[in-house]
Amino acid sequence: MSAHAASDCVLDDCSDRQASPQTREYRYNPRRGGAAPAGDFDFYVLALSWSPSFCAGGGAERSRNQCAPGANPGFVVHGLWPQYFQGYPSNCGGNGFLPFSVLNGLNGLYPDQGLARHEWRQHGVCSGKNPAGYFADVRAAREAVTIPPTLRAPGEERSTSPLDVQRAFIEANPRLRPGMMAVTCRRGVLQEARICFSKDLRDFVACPQVARAGCRSQSIDVPAGR
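Cut-offs applied
The residue count restarts for each chain, going from 1 along the sequence in the order it is written. In keeping with the model being predicted, local features are shown solely for residues with a pLDDT of at least 70 and side-chain atom pairs are shown and tallied solely at 80 or more, while totals for entire chains, interfaces and linings include all residues. Calculation of side-chain values draws on the structure's entire complement of heavy atoms; hydrogens and water are dropped beforehand. Two cysteine sulfurs form what is called a disulfide whenever their separation falls within 2.5 Å. Going along the chain from the N terminus, every DSSP run of H or I of four or more residues is numbered as a helix, and every run of E of two or more is numbered as a strand. For every residue, the accessible area obtained with a 1.4 Å probe (protein chains only) is divided by the maximum for its type, and the residue is called buried under 20%, exposed over 50%, and partly exposed between those limits. Here a Phe, Tyr or Trp ring, Trp counted by its six-membered ring, pairs with any other such ring whose centre lies within 6.5 Å, and the pair is stacked when the planes are under 30 degrees apart, edge-to-face when over 60, and tilted otherwise. Throughout, the arc means that of the directions going from the helix axis to the C-beta atoms. Contacts are assigned to residue pairs that have any heavy atoms within 4.5 Å of one another.

J.: Would you mind going over the state of the cysteines with me for this structure?
T.: By definition, a disulfide links the sulfur atoms of two cysteines through a covalent bond. As enumerated under the stated definition, the model contains 4 disulfides in all. The residue that forms a disulfide with Cys55 is Cys67, at a sulfur-sulfur distance of 2.0 Å. In this structure the cystine formed by Cys55 and Cys67 twists about its S-S bond by roughly -85°; its chirality is therefore left-handed. Taken together, the residues Cys55 in helix α2 (residues 51–56) and Cys67 in the loop between α2 and β2 (75–83) connect sequence positions 12 residues apart. For Cys55, a relative accessible area of 6% translates into the label buried. Sulfur-sulfur distance for the disulfide between Cys185 and Cys215 comes to 2.0 Å. For the disulfide bridge between Cys185 and Cys215, the dihedral angle about the S-S bond is near 75°, and by the sign convention the bridge is right-handed. Within this pair, whereas Cys185 is found in strand β4 (residues 181–186), its partner Cys215 is found in the loop between α7 (208–212) and β6 (220–222), the two being separated by 30 residues in sequence. Assessed through its relative accessible area of 9%, Cys215 is described here as buried.

J.: Before we go on, may I ask you to explain the packing of aromatic side chains in this structure?
T.: The way to describe two aromatic rings as a pair is by their centre distance and the angle between their planes. Under the criterion given, the structure shown has 9 aromatic pairs. Each ring, one from Phe43 and one from Phe85, has its centre 5.2 Å from the other, and the planes form 35°; the classification is tilted. On the criterion of sequence distance, the pair formed by Phe43 in strand β1 (residues 43–50) and Phe85 in the loop between β2 and α3 (100–104) is long-range, its members being 42 residues apart. Pair check on accessibility: Phe43 and Phe85 agree, each one buried. An angle of 65° between the planes, with centres 4.9 Å apart, marks the rings of Trp50 and Phe75 as edge-to-face.

J.: Whenever I open this one, helix α6 (residues 162–172) confuses me. Can you help?
T.: At 3.6 residues per turn, the α-helix brings residues three or four places apart onto the same side. Where α6 is concerned, the buried positions are Pro162, Val165, Gln166, Ala168 and Phe169. Looking down the long axis of α6, one finds its buried residues gathered within 160° of arc, a one-sided arrangement. Packing partners of the buried residues in α6 comprise β2, β3 (158–160), β4, β5 (189–198) and β6.

J.: When you look at unusual backbone geometry in this model, what are you seeing that I'm missing?
T.: Negative phi is the rule for most residues except glycine; trans is the rule for most peptide bonds. Even without being glycine, Arg187 reaches a positive phi, approximately 55°. With respect to the element layout, Arg187 can be found in the loop between β4 and β5. Positive phi is not limited to glycine here, since Leu201 has a value of about 65°. Turning to its location among the elements, Leu201 is positioned in the loop between β5 and α7.

In structure tokens form, the structure reads like this:
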């Protein structure tokens, strides 16, 4: 491998550059419109947002409880997204209504009920499950991930690298490997950790397209909680 190719890798051993043996062509291309069949996807992406970044970027006006002084929640669930090895399902149709009985039973799984409603309409209907089944999957995925101790809600802002954030997650989750997650950033600030799960949520899976879309900054800021 040439030095240029190696430098283009996100991860240490370039596993993010390796094609998944299960990769197949788009079954649905969102750019072409139409509807994707619900339940037809390859794996899940659990997106965990760094709450202090959201709050510092204007989120405090949209989610007062999440961003209240002293809340300092660290990583919070953004969503659980059905995904293809190339692309993602969208416009799946189905009933976008989220019953109050399900919403009321989430018990803090999401930082905001409005976000839970949005995630059901945007992604949950593509899972092929009913609301109760989908949100049970969200909870199972979240509980399967151990947040690294250094990222559980630091009391002061610091700088790190996306690769070090990935290494911290891998160290805290022994079955997680390079190429199974991505760290995203915006304008040099930590945004999310995105972790790939098998469709049955029994294990983490390689997801080259997700890994390649991670942050490529050498250094990122990690805002502290309020």
